[in-house]
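Chain by chain, the residues run as shown.
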Amino acid sequence: QVQLVESGGGLVQAGGSLRLSCAASGRTVSSLSMGWFRQAPGKERQFVAGISWSGGNPYYADSVKGRFTISRDNAKNTVSLQMNSLKPEDTAGYYCAAGTTAWATHSYAYKYWGQGTQVTVSS
């Protein structure tokens, strides 16, 4: 079993930056793919970024490509999401997820989920 806890959310002005972190416990996640999703009120959960177990080949939703960077530290059992040039449309709850499927962009491919952290971007 894997427990995931996100942190780093908050309120930021448009154009600003935030760094989200996800700490895993219960078992090592070094063999799992990791991802970040987001969900705004009234909308479906949306893929944001993913990274393979090795940390190589990160992949992103088109809406965040060039602005967000996902990374992981397997020694610390953590994954991070650096978010730059934030826009009001980035406002959502952000969720960390872990799973065994490589290159997964659908939420059903991820088995473990955190509780989420809120990101609000003001205009």
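What comes next concerns the included structure.

## As for the overall build of the protein chain
Across its full length, the protein chain holds zero helices and eleven strands. Going from the N terminus to the C terminus, the protein chain shows its helices and strands as β-β-β-β-β-β-β-β-β-β-β. Over its C-alpha atoms the protein chain spans a radius of gyration of 13 Å, differing by no more than 12% from the 14 Å that the globule rule assigns to 123 residues. Based on the C-alpha atoms only, the size of the protein chain along its principal axes is roughly 40 × 30 × 25 Å. Total accessible area on the protein chain stands at roughly 6,200 Å², and carbon and sulfur atoms take up 49% of it. Measuring between centres, the 11 positive side-chain charges of the protein chain sit 5 Å from its 6 negative side-chain charges.

## Things to note about the pairing of strand 11 (residues 117-122)
Only one face of strand 11 is covered, namely the one carrying Thr117, Val119 and Val121; the face carrying Gln118, Thr120 and Ser122 has none of its residues buried. Taken together, the four bridges between strand 2 (residues 10-13) and strand 11 define a ladder with parallel strand orientation. Paired with Leu11 across the bridge in strand 11 is Thr120. Taken together, the three bridges between strand 9 (residues 92-99) and strand 11 define a ladder with antiparallel strand orientation. Directly across from Gly93, in strand 11, lies its bridge partner Gln118.

Definitions and cut-offs
Residues numbered from 1 in each chain as written. Predicted model: local features only at pLDDT ≥ 70, side-chain atom pairs only at ≥ 80, totals over all residues. Heavy atoms only, no water. Helix = DSSP H or I, 4+ residues; strand = E, 2+ residues; numbered from the N terminus. Rg over C-alpha atoms; globule rule 2.2 N^0.38 Å. Areas by Shrake-Rupley, 256 points an atom, 1.4 Å probe, with all protein chains shown as cover. Lys, Arg positive; Asp, Glu negative; His and termini not counted. Charge placed at Lys NZ, Arg CZ, Asp CG, Glu CD. Buried < 20%, exposed > 50% of the residue type's maximum accessible area, 1.4 Å probe, protein only. Pairing = 2+ DSSP bridges.

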